[in-house]
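Residue-level structure breakdown
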Amino acid sequence: MSATAMIWRLASFAVAAGFVGVWQLIANLKLVSPVFLPGPDRAWTALMRGFATGDLTSKLVGTLGHMAYGWLAASIAGIALGALIGSSRLMRAYIAPSLEFLRPLPVSAIIPVAIAMLGLTEGMALFVIAFGAIWPIMLATIHGFAAVEPRLYEVARSLQMSRPAIVFKIALPSALPDILAGMRLSLTVALILSVVCEVLAGLDGLGHWVLLSARAFRSADLFAGVILLGATGYLTSIVMSLAERRLLAWQSTR
């Protein structure tokens, strides 16, 4: 890591520490009622207590499961459809209008439909998460495949490569940076929708934990759940960044 990057990293930690310090000061001075705003010390204690009893561990596993299954379903479907549409002008001409109709639909409008069809079940949550998370991946894949250098296709045809070989050896590696960027964005969407579905359907997860804590005025537990959600999003983003760096290591050698 360069010196400049290290300075910026330290500055970001300093900002975070300053935010926590201000939060603690407001809590100590009771500028906001402790019923609604506990200090970070109380939130940390609640977080450790939740892990010690195993309650938060099970909730975290539930949220990670909802997020992972929905995101994987969205990734598989988004990459497959995006590759099919992005590699064919005919498919883009015929399917693009339908996509433009579905893409702007807010997920909040889809949730009642999903509940009506599937009930307050895990299947409903999987459908909603996959529907919301598929668009960044699909659109990024379409853009990546459509942006492949045409001369590469000409070379492939001159070498008499088969259609699958062209897709997997030329188009997919060329579109991989766009695909990974879309997958990283959709992972955040999947986490958000996991919490929403847990709140609405009462599914086991951090969203349900936060809802019950708010209803019972357990503000420390509520903030512990929110902190854990933020940490989950941050760590999953780091994991995706590391995977992206490894899968795109060939770019640094160009």
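The following refers to the structure shown. (Residues numbered from 1 in each chain as written. Predicted model: local features only at pLDDT ≥ 70, side-chain atom pairs only at ≥ 80, totals over all residues. Heavy atoms only, no water.)

**Digging into the overall build of the protein chain**
Counted only if it meets this: Secondary structure elements are defined from DSSP: runs of H or I of at least 4 residues count as helices, runs of E of at least 2 residues count as strands, and each element is numbered from the N terminus. Buried residues are those whose accessible area, probed at 1.4 Å on protein chains only, stays under 20% of the maximum for their type, while exposed residues exceed 50% and partly exposed ones sit between those limits. When checking whether two residues touch, look at their non-hydrogen atoms; a contact exists if any pair is within 4.5 Å. The charged-residue count follows a simple rule in which Lys and Arg add positive charge and Asp and Glu add negative charge, with His and chain termini not counted at all. Just so you know, the charge point we use is NZ for Lys, CZ for Arg, CG for Asp and CD for Glu.
Within the protein chain, the regular secondary structure consists of ten helices and zero strands. Mapped from its N terminus to its C terminus, the protein chain presents α and β elements in the order α-α-α-α-α-α-α-α-α-α. Over its C-alpha atoms, taken along the principal directions, the protein chain stretches across nearly 75 × 55 × 30 Å. Counting across all 254 residues of the protein chain, residues that qualify as buried make up 38%. Restricting the contact set of the protein chain to residue pairs at least 6 apart, pairs at least 24 apart contribute 71%. Of note, the protein chain has its 18 positive side-chain charges centred 6 Å away from the centre of its 11 negative side-chain charges.

**Remarks on the nonpolar core**
Quick note on the threshold: What is meant by a nonpolar core is a set of buried Ala, Val, Leu, Ile, Met, Phe, Trp, Tyr and Cys residues, joined one to another through side-chain atoms within 4.5 Å.
Within the largest apolar cluster, 54 residues are counted, with the highest numbers of intra-cluster contacts made by Trp71, Val128, Phe145 and Met183. Counting residues per element, the ones that place at least two in this core are helix H2 (40-53), helix H3 (55-86), helix H5 (107-118), helix H6 (122-146), helix H7 (150-158), helix H8 (163-201), helix H9 (206-215) and helix H10 (219-247).

**Observations concerning H9**
Those residues of H9 not exposed but buried are Leu206, Gly207, His208, Trp209, Val210 and Ser213. In this structure, the buried residues of H9 make contact with H3, H8 and H10. Following H9 by one or two positions, Phe217 has its phi on the positive side, about 55°.

**Overview of the packing of aromatic side chains**
Cut-off, in case you're wondering: Any Phe, Tyr or Trp ring, taking Trp's six-membered ring, that has another such ring centre within 6.5 Å forms a pair; planes under 30 degrees apart are called stacked, those over 60 apart edge-to-face, and the others tilted.
Taken as a whole, this structure holds four aromatic pairs when the rule is applied. Between Trp23 and Phe223 the ring centres are 5.6 Å apart and the planes differ by 40°, which places this aromatic pair in the tilted class. With Trp23 in helix H1 (residues 3-29) and Phe223 in helix H10, this residue pair connects regions lying 200 residues apart in the sequence. By relative accessible area, which is 21% here, Phe223 ends up partly exposed. Ring geometry for Phe36 and Phe217: centres 6.5 Å apart, planes at 70°, overall edge-to-face. One end of the pair, Phe36, is in the loop between H1 and H2; the other, Phe217, is in the loop between H9 and H10, with 181 residues separating them in the sequence. Grouped by ring-pair contacts, the aromatic residues Phe127, Phe131 and Trp135 constitute a single cluster.

**Considering the packing of H3 against H6**
For clarity, the cut-off: Whenever a helix is involved, its axis is fitted only over the stretch in contact; in every case the axis is a line through C-alpha atoms, and angles between N-to-C directions fall within 0 to 180 degrees. Two helices cross in a left-handed way if the nearer one is turned anticlockwise from the farther one by less than a right angle. They cross in a right-handed way if the turn is clockwise.
Contact geometry of H3 with H6 gives a least axis separation of 6 Å together with a crossing angle of 35°. Of the two possible hands of crossing, H3 and H6 adopt the one that is right-handed.

**Overview of the pattern of salt bridges**
Using the following cut-off: What makes a salt bridge here is a side-chain nitrogen of Lys or Arg within 4 Å of a carboxyl oxygen of Asp or Glu, nothing more.
Enumeration according to the criterion identifies four salt bridges in this entry. The partner of Asp221 in a salt bridge is Arg218, with the nearest N and O atoms 2.9 Å apart. For Asp221, a relative accessible area of 10% corresponds to the buried category. When salt bridges that share partners are traced, they join Arg49, Arg218 and Asp221 into one network.

**A few points about unusual backbone geometry**
Located in the positive-phi region is Lys30, a residue other than glycine, with phi close to 55°. Looking at the secondary structure, you find Lys30 in the loop between H1 and H2. Among the residues examined, Lys30 registers a relative accessible area of 59% and is labelled exposed. Although it is not a glycine, Phe217 adopts a positive phi angle of roughly 55°.

**As for a nonpolar patch on the surface**
The condition that has to hold: Here the term patch refers to residues with relative accessible area over 30% and no salt bridge, with like charges joined within 9 Å and nonpolar side chains (Val, Leu, Ile, Met, Phe, Trp, Tyr) within 5 Å. In this description, accessible areas are obtained by the Shrake-Rupley approach with a 1.4 Å probe, and a residue is regarded as covered only by the protein chains that are shown.
Together, Leu25, Leu29, Leu31, Val32, Val35, Phe36 and Phe217 make up a nonpolar patch on the protein surface, roughly 730 Å² of accessible area in all. A relative accessible area of 55% places Phe36 in the exposed class.

**So, the side chain of Asp221**
Let me state the cut-off plainly: Any N or O atom pair separated by 3.5 Å or less is treated as a polar contact, with the protein-specific requirement of one donor-capable and one acceptor-capable atom, and with residues adjacent in sequence counted only for side-chain atom pairs.
Here Asp221 lies in helix H10. A polar atom in the side chain of Asp221 sits 2.9 Å from the side chain of Arg218. Not counting residues up to four positions away in its chain, the partners in contact with Asp221 are Ala46, Arg49, Trp209 and Ser213.

**Some remarks on the environment of Pro173**
Along the chain, Pro173 falls in helix H8. Considered as a pair, Pro173 and Gly54 are 119 residues apart in the sequence and their alpha carbons are 43 Å apart.

**Structural notes on the side chain of Ser186**
Positionally, Ser186 belongs in helix H8. A relative accessible area of 0% means that Ser186 is categorised as buried. Apart from residues no more than four positions distant in its own chain, Ser186 is found in contact with Trp71, Ala133, Pro136 and Ile137.

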